[in-house]
Amino acid sequence: MEEVEVRCYFLCPISLDMMRDPVTIPSGITYDRDGIERWLLTAGTCPLTKQPVPAGSDPTPNHTLRRLIQSWCALHGVERVPTPKPPTDRARVAALVLRIAAASRSLVTAAQQELLDALRELRDVAAESERNRMLVAAVPGGVDVLAIVFAAASATKPSSSESAVTGVADAALEIMSSLSEQCLARVANTEHQLLVDALVSALQRPNPASRARAALLLQNVTDAMPSSRLASLPEQVFGELVQLIRDKVSKPATKAALHVLAGTTAWGRNRVKAVDAGAVAALVDTLCDGPERRACELALGALDLPCGCAEGRAARVAHDKAVRVLRSVARHAATAAVVQEMAQTGVVGTLCVVAQSDQYGDRTRDRAQEMLRMHARAWRTSPCLHRHLQAIYPSC
């Protein structure tokens, strides 16, 4: 087929693709709606003229240009650009948030159905596009209302209306989990305790979809939290994250849990909390299961800080699979740098303890002794290890 040249004024100046929904901004330049709205999320100026674009202004549909593009497509046998749906306006989103706020004041009464209907309508609006999600976040107090509703519904005790309350919590959770880290930044700082407690409750539910959404929201919330807030995360958070990793609810949920562990264990006593929750064993099991590369990277990152404390190192080496992993490294990837790093990070000293302790099984002790024999020549020169190695292998 002969290639058809698209007219230059049919192309979006941002994407250089033919426009499907041309709109004009106050600078007078026309762009494809998707391209310019994404641009304006991070920049408040026209891409071509660099003139400022008022934050509250909506692009104006260029119907004339859209009809020209549609006629040109029909004339040249090109797939016709469909007429776009009218975009959701700010007033509708703001009205939905007001309905939710009003109905949420009577969470335990007949207003629950009104609240649930409003939340589901807002959920459908937010699911349509990134633009709509930004509109939800732009409503003054909108994200705060959703966080308070989610927290209140999660904290409500089971009753005859349990299904309605659960529906409210799930709908609010679904909306919030679709928002970006930037949208959640303020509420993550001001309502962090209510939100974290509600997320722990959601992670404890039997519904896999709710648990997965809670993990994704927890990832965005912790990414937006300042370090002072991260240091005070409750122990239950780490327990539920570890359980989520063990249950293998979904790949996105597992990645989100690994991301949270890797990002929070640097603060306060979080790495000890993670170790006490069984994170080391769960992470080693994840590595042994051979997940995809990104999950492996996250698991290794999450394992790094907990193993920096004495409790974490003991848990790592005491885990039989961990000894098997170390044995594979010692046998098949033992470069000079790796062998030296094993001594510097405390792996070798702990192997010496395992090799001599009756607390571990025969196979685990044998594997530890095998690794020590393999690299005794390299490790025996270390002053802090010489005594231990001599006690096990006098001939070294």
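Each remark here, short or long, concerns the structure printed above.
Quick look at the structure, then. (Residues numbered from 1 in each chain as written. Predicted model: local features only at pLDDT ≥ 70, side-chain atom pairs only at ≥ 80, totals over all residues. Heavy atoms only, no water.)

Next up on the list: the pattern of salt bridges. Counted under the stated rule, the structure contains eleven salt bridges. The partner of Arg123 in a salt bridge is Glu174, with the nearest N and O atoms 3.9 Å apart. Here the residue Arg123 occupies a position in helix H4 (residues 112-128), and Glu174 occupies one in helix H7 (residues 162-177), the gap between them amounting to 51 residues. Glu174 gets classed as partly exposed once you look at its relative accessible area, which sits at 29%. The salt bridge partner of Arg205 is Asp170, with a shortest N-O separation of 2.4 Å. Of the two residues, Arg205 sits in the loop between helix H9 (192-203) and helix H10 (208-224) while Asp170 sits in helix H7, which places them 35 residues apart along the sequence. (Salt bridge = Lys/Arg side-chain N within 4 Å of Asp/Glu carboxyl O. Helix = DSSP H or I, 4+ residues; strand = E, 2+ residues; numbered from the N terminus. Buried < 20%, exposed > 50% of the residue type's maximum accessible area, 1.4 Å probe, protein only.)

This brings us to the environment of Leu135. Secondary-structure assignment places Leu135 in helix H5 (residues 130-138). Expressed as a C-alpha distance, the spacing of Leu135 and Val125, which sit ten residues apart in the sequence, is 9.7 Å.

Further remarks concern H9. Taking 1.5 Å as the rise per residue, H9 with twelve residues should run 16 Å; its terminal C-alpha atoms sit 16 Å apart, in good agreement. Within the span of H9, buried status applies to His192, Leu195, Val196, Ala198, Leu199, Val200, Ala202 and Leu203. (Expected span 1.5 Å × (residues − 1).)

It is characteristic of soluble globular proteins that their nonpolar side chains tend to be buried jointly. Ranked by internal contacts, the top residues of the largest apolar core, which has 78 residues, are Ile100, Leu119, Leu122, Phe150 and Leu283. If we ignore the near neighbours within four places in the chain, the residues touching Phe150 are Ala169, Ala172, Leu173, Leu195, Ala198, Leu199, Ala202 and Leu217. Counting 14 residues, the second largest nonpolar core, distinct from the first, contains Met19, Val53, Ile69 and Cys73. (Core = buried A, V, L, I, M, F, W, Y, C linked by side-chain atoms within 4.5 Å. Contact = heavy atoms within 4.5 Å.)

Not every positive phi belongs to a glycine, and Leu16 is a case in point at roughly 65°. Among the secondary structure elements, Leu16 is positioned in the segment before strand E1 (22-24). Using a relative accessible area of 59% as the deciding quantity, one classes Leu16 as exposed. Phi angles above zero are rare outside glycine, and Lys248 is one such case at about 50°. As for its position among the elements, Lys248 is in the loop between helix H12 (235-247) and helix H13 (251-264).

This part takes up the sheet that holds strand E2 (residues 30-32). In a beta sheet, neighbouring strands pair by backbone hydrogen bonds and run either parallel or antiparallel. Taken in spatial order, the three strands line up as E2-E1-E3 in an open sheet, and their pairing is antiparallel. Of all the strands in the sheet, just E2 and strand E3 (60-61) have a single pairing partner and so form its edges. Helix-sheet contacts for helix H1 (residues 33-42) involve E1, E2 and E3, and the interaxial angle to E2 is about 95°. (Pairing = 2+ DSSP bridges. Axes fitted to C-alpha atoms, helices over the stretch in contact; angles between N-to-C directions.)

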